[in-house]
Amino acid sequence: MGLVVGIVTLPLAPFRGVGWVIDKVVRAAEEEYYDPAPVQEALISLERARDEGQIDDEEFARHEEALLHRLEEIRVHQLQRGAQPGL
């Protein structure tokens, strides 16, 4: 039965291959999007910019709030997927 199904569905093989590739690309994009490391680096750079006087406290607070919100979004996503938060 498996051989017959394999032969009958052989014309669909390119579509299955494309689906596999799309799945891999989506997973890689999600891993990159939900990686906390760039956000943490941005927080460090932001603090450095404030310490060096490149930005004032008000601008720092605004950017920090956005970055912390992003970290929270990443944590929620990791918890929903059952992963341990990397923070």
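Residues numbered from 1 in each chain as written. Predicted model: local features only at pLDDT ≥ 70, side-chain atom pairs only at ≥ 80, totals over all residues. Heavy atoms only, no water.

Student: Before we go on, may I ask you to explain the packing of aromatic side chains in this structure?
Tutor: Aromatic rings in a pair are described by how distant their centres are and how their planes are angled relative to each other. Evaluation of the coordinates by the stated rule reveals one aromatic pair. With a centroid separation of 4.9 Å and an interplanar angle of 85°, the aromatic rings of tyrosine 33 and tyrosine 34 are classed as edge-to-face. If you follow arginine 50 out to its NZ or CZ, it ends over the ring of phenylalanine 60, 3.9 Å from the centre. For the cation-ring pair, arginine 70 lies above tyrosine 33, with the distance from its terminal atom to the ring centre recorded as 3.9 Å. (Phe/Tyr/Trp six-rings, centres within 6.5 Å; stacked < 30°, edge-to-face > 60°. Lys NZ or Arg CZ within 6 Å of the ring centre and 35° of its normal.)

Student: Sorry, what's going on with the nonpolar core here?
Tutor: Generally speaking, a soluble globular protein has its nonpolar side chains buried in company with each other. Within the largest apolar cluster, nine residues are counted, these being Val39, Leu43, Leu46, Ala49, Ile55, Phe60, Leu67, Leu71 and Ile74. Those elements that provide at least two residues to this core are α3 (36-51) and α4 (57-80). Beyond its immediate sequence surroundings of up to four residues, phenylalanine 60 is in contact with Leu46, Glu47, Arg50 and Ile55. (Core = buried A, V, L, I, M, F, W, Y, C linked by side-chain atoms within 4.5 Å. Buried < 20%, exposed > 50% of the residue type's maximum accessible area, 1.4 Å probe, protein only. Helix = DSSP H or I, 4+ residues; strand = E, 2+ residues; numbered from the N terminus. Contact = heavy atoms within 4.5 Å.)

Student: Would you take a moment to explain the pattern of salt bridges for this structure?
Tutor: Oppositely charged side chains are able to pair whenever their charged atoms sit close together. Scanning the model with the defined rule gives five salt bridges in all. Here arginine 50 makes a salt bridge to aspartate 51, at a shortest N to O gap of 4.0 Å. A relative accessible area of 28% means that arginine 50 is categorised as partly exposed. The exposure class of aspartate 51 is exposed, given its relative accessible area of 58%. Linking arginine 75 and glutamate 72 is a salt bridge whose minimum nitrogen-to-oxygen distance equals 3.8 Å. With arginine 75 and glutamate 72 both in helix α4 and three residues apart, the pair spans about one turn of that helix. (Salt bridge = Lys/Arg side-chain N within 4 Å of Asp/Glu carboxyl O.)

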